[in-house]
Amino acid sequence: MGETGQLKKRKGIHGTLALIAIGVGLYYGLVVAPPDAYQGEVQRIMYLHIPTIVAAYVAFFLVFVGSCLYLWKKEKRDDILAHASAEIGVFLTALVIVEGSIWGKPTWGVWWTWDARLTTTAILLLIFIGYLLLRSLIEDEGRAASAAAVLGIIGALDIPLIHMSVYWWRTLHQPPSIFRPDKAPWENIAWPLLIPLIVNIVAFLILFFYLLSLRYRLGEMREAIKTRRLERGI
Amino acid sequence: MEFLSQTYLLLHKDVRLELRRRESLLTMFFFGTLLLFVFHFSFDLVPEKIAEMAPGLLWLAFLFTGTLGLAQLFQAERENHCLDALLLAPLDRGALFLAKTCFNLLLMVLVELVIMPLFWVLFDWRAWNLLPQLFLVTLLGTVGFCVLGTIMSAITLRARARELLLPLVLFPLMVPVILATIRCMENIVRAGELGDAWPWLRLLLGFDVIFTTLGILIFDWVIES
């Protein structure tokens with residue numbers, strides 16, 4: 001009881017922290033930040049859009065790390081990490097596309113356009129939906145984990161190539177506003193806009209790691225049930 | 001040397017099996033021809049428009065026939081637990097990967113060698129002089145397709161509904177190959193030579209090299225029993 005009680009308490013604290021951080025982030029994005037000089041109020045969606053994609057990239061990076069570790073050491077926990085991360089990553093990527101559409105309609109005049117970064121993001125989503133499908137369609141746990149790990153690694157290595165090819169193919173998306181190779185982030189964006197953005201990125205990362213820890217714990221519990229059943233011969 | 005002779009033996013086995021059964025090659029060939037008919041019914045392919053649409057249509061036909069071949073790639077191994085026997089044999093798994101890739105490549109190239117001239121004939125496209133160049137580019141694209149396709153075919157080997165799953169996981173990963181091949185072919189059709197499309201060809205070559213290497217290194221984990 002003692003250990004689970006402590007765990008619950010930790011979860012509670014982490015969850016509350018995520019909730020507060022998102023609340024503060026929303027306050028900064030919706031109230032504190034001034035409206036954009038050109039785009040007006042609709043630009044405020046950036047305070048969700050960029051943090052969501054940052055969290056999604058972190059998720060897919062963790063899938064890659066978990067996959068490599070699993071193939072190397074064959075420890076179940078690395079597989080649980082990759083699986084948990086992939087699920088949240090798929091959710092966040094889908095969310096990014098929806099947010100982008102809501103922003104794109106008033107700004108570009110269309111819900112969707114075949115621009116380089118939009119297309120890359122959509123392909124990324126398709127790859128990791130395939131990853132989750134693959135996991136669910138292989139009955140044998142160990143084999144599912146190995147197959148998924150291989151796909152996770154290949155997917156991660158393929159993404160730069162996809163990005164490059166789609167980028168050459170067409171480019172319409174405005175150049176990255178914040179993370180540009182030629183200038184430091186604070187030179188591309190005014191401080192009153194940058195601070196809310198940073199607050200939101202931090203808030204989304206806290207939320208992401210909270211979701212990840214919940215999903216990871218779920219995976220562990222499933223494992224424990226399976227072991228228990230095997231021991232008792234059910 | 002050992003590695004190459006193992007690859008050769010495995011490839012030899014597959015070719016001999018295929019010569020006796022004639023399953024994959026015939027179905028792929030007829031499916032490809034069928035697709036050309038479907039294209040004709042779906043699009044109004046007059047000779048003036050064919051140059052514009054040829055790269056996309058040809059590559060679409062190869063993509064679908066190739067997927068058909070990949071779904072059958074490990075069929076012989078699935079029957080009677082032959083895969084277990086193959087894994088028990090003192091073989092390098094990389095050689096198994098290379099042999100399977102070469103076998104699938106061989107099938108697809110044979111199909112392409114028939115389908116491409118047929119395309120020219122059926123749609124009355126007079127630009128026969130472009131055929132060799134277009135074939136070379138197609139060959140590079142096919143290598144990329146076979147390499148990644150073999151890995152994915154092995155991954156989905158033990159999955160339920162694997163024939164449906166295979167294209168779902170394979171096609172998104174194939175985007176660079178599809179884009180690069182079609183851009184190269186378009187340039188050849190337009191200008192008569194590769195011209196501006198050199199970076200695309202380099203991308204295609206890079207893809208082929210990266211994933212062939214990765215396949216040989218990683219196949220041990222892909223196919224473990």
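Residues numbered from 1 in each chain as written. Chains lettered and ligands numbered in written order. Predicted model: local features only at pLDDT ≥ 70, side-chain atom pairs only at ≥ 80, totals over all residues.

## Looking at the overall build of chain A
What counts is decided by this rule: Helix and strand assignments follow DSSP, with helices taken as H or I runs no shorter than four residues and strands as E runs no shorter than two, numbered in order from the N terminus. Neighbour counting defines burial: a residue surrounded by 20 or more other C-beta atoms within 10 Å of its own C-beta is buried, one with 12 or fewer is exposed, and intermediate counts give partly exposed, using backbone-placed C-beta atoms. We call two residues in contact if the C-beta atoms placed from their backbones are at most 7 Å apart.
A count of helical and extended segments in chain A gives seven helices and zero strands. When the elements of chain A are put in sequence order from the N terminus, they spell out α-α-α-α-α-α-α. The buried share among the 234 residues of chain A stands at 35%. In chain A, the proportion of contacts linking residues at least 24 apart, taken out of those at least 6 apart, comes to 76%.

## Focus on the overall build of chain B
This is how the line gets drawn: Each radius of gyration is computed over the set of C-alpha atoms, and the globule rule expresses the reference value as 2.2 Å times the number of residues to the power 0.38.
Along chain B, the regular secondary structure elements total 10 helices and zero strands. By the compact-globule yardstick of 17 Å for 225 residues, chain B fits well, its C-alpha radius of gyration being 18 Å. Along the first, second and third principal axes, the C-alpha set of chain B runs to 55 × 35 × 30 Å. Burial status across chain B gives 40% buried among its 225 residues. A fraction of 81% describes how many contacts in chain B between residues 6 or more apart in sequence connect residues 24 or more apart.

## Here's the deal with the interface of chain B and chain A
Formally: For this classification, Asp, Glu, Lys and Arg are treated as charged, while Ala, Val, Leu, Ile, Met, Phe, Trp, Tyr, Cys and Pro are nonpolar and the rest, including Gly, are polar.
Contacts between the two partners involve 25 residues from chain B, matched on the other side by 26 residues from chain A. Among the secondary structure elements, those contributing two or more residues to the side of chain B that touches chain A are helix H7 (131-155), helix H8 (162-173), helix H9 (175-191) and helix H10 (198-222) of chain B. Looking at which element gives the most residues to the side of chain B that touches chain A, the answer is H10(B), with eight residues. For the side of chain B that touches chain A, the per-class residue count stands at 21 nonpolar, one polar and three charged.

## Details of unusual backbone geometry
Residue and element names in this part refer to chain B. Phi angles above zero are rare outside glycine, and Asp 124 is one such case at about 50 degrees. Phi is positive for Ala 161, close to 50 degrees, though the residue is something other than glycine. Here Ala 161 lies in the loop between H7 and H8. For Ala 161, a count of 11 C-beta atoms within 10 Å corresponds to the exposed category.

## Side note on the packing of helix H3 (residues 76-108) of chain A against helix H4 (residues 116-137) of chain A
Think of two packed helices as two axes; the pair is described by the angle between the axes and how far apart they sit. Residue and element names in this part refer to chain A. What counts, and what does not: As a rule, the C-alpha atoms of each element are fitted with a line to give its axis, helices using only the stretch in contact, and angles between N-to-C directions run from 0 to 180 degrees. Rotating anticlockwise by less than a right angle from the far helix to the near helix defines a left-handed crossing, while the corresponding clockwise rotation defines a right-handed one.
For the pair H3 and H4, interaxial distance at closest approach is 9 Å and the crossing angle is 145 degrees. Pair H3 / H4 crosses with left-handed handedness. Between H3, through His 83, Ala 86, Glu 87, Gly 89, Val 90, Thr 93, Ala 94, Val 96, Ile 97 and Gly 100, and H4, the contact on the second element is made entirely by Leu 118, Thr 121, Ala 122, Leu 124, Leu 125, Phe 128, Ile 129, Tyr 131, Leu 132 and Arg 135. Split into classes, the residues belonging to the contact of H3 with H4 amount to 13 nonpolar, five polar and two charged.

## Structural notes on the packing of H4(A) against helix H5 (residues 141-169) of chain A
Residue and element names in this part refer to chain A. We apply this condition: For classification purposes, angles smaller than 35 degrees are called roughly parallel, those larger than 145 roughly antiparallel, those between 65 and 115 roughly perpendicular, and all remaining angles oblique.
Here H4 crosses H5 at 170 degrees, and the two axes come no closer than 10 Å. When the interaxial angle is binned, H4 and H5 end up roughly antiparallel. For the pair H4 and H5, the sense of crossing is right-handed. Each of Ala 116, Thr 119, Thr 120, Ile 123, Leu 124, Ile 127, Tyr 131, Leu 134 and Arg 135 in H4 lies in contact with H5, whose residues at this interface are Ala 144, Ala 147, Ala 148, Leu 151, Gly 152, Gly 155, Ile 159, Ile 162, His 163, Val 166, Tyr 167 and Trp 169. Class assignment of the residues belonging to the contact of H4 with H5 gives a composition of 15 nonpolar, five polar and one charged.

## Some words on the nonpolar core
Note the cut-off: Here, a nonpolar core denotes buried Ala, Val, Leu, Ile, Met, Phe, Trp, Tyr and Cys residues that are linked to one another through C-beta atoms within 7 Å.
Counting residues in each nonpolar core, the largest one holds 112 residues, and the members touching the most others are A:Ala59, A:Leu134, A:Val150, A:Leu151, B:Leu148 and B:Ile155. With 14 residues, the single largest contributor to this core is helix H2 (residues 46-73) of chain A. What A:Ala59 contacts, discounting residues up to four positions off in sequence, is A:Ser85, A:Ile88, A:Gly89, A:Leu92 and A:Phe208.

## Section: the environment of A:Leu19
Within the secondary structure, A:Leu19 is located in helix H1 (residues 2-32). For the pair formed by A:Leu19 and A:Tyr210, sequence separation is 191 residues and the distance between their alpha carbons is 10.0 Å.

## Some remarks on H5(A)
Owing to its 3.6 residues per turn, the α-helix aligns residues three or four sequence positions apart on the same side. Under the convention used in this document: Expected helix span is given by 1.5 Å per residue-to-residue step, counting one fewer step than there are residues. In this analysis the local bend is the angle between axes fitted, respectively, to the seven residues ending at and the seven residues starting at the residue.
Between its first and last C-alpha, H5(A) extends 40 Å over 29 residues, near the 42 Å set by a 1.5 Å rise per residue. Bending of H5(A) peaks at approximately 30 degrees at the position of A:Asp158, with proline A:Pro160 no more than four residues after it.

## Focus on the environment of B:Leu140
Residues and elements named next belong to chain B. With respect to the secondary-structure elements, Leu 140 resides in helix H7. Residue class for Leu 140 comes out partly exposed when judged on the 18 C-beta atoms lying within 10 Å of it. Along the backbone, Leu 140 and Thr 181 are 41 residues apart, and their C-alpha atoms lie at a distance of 8.0 Å. Excluding residues that lie within four positions of it along the chain, Leu 140 makes contacts with Leu 204, Leu 205 and Asp 208.

## Points about the environment of B:Asp124
Residues and elements named next belong to chain B. Tracing the sequence through the fold places Asp 124 in the loop between helix H6 (93-122) and H7. According to the C-beta neighbour criterion, Asp 124 is exposed, with 10 such atoms within 10 Å. Expressed as a C-alpha distance, the spacing of Asp 124 and Thr 212, which sit 88 residues apart in the sequence, is 37 Å.

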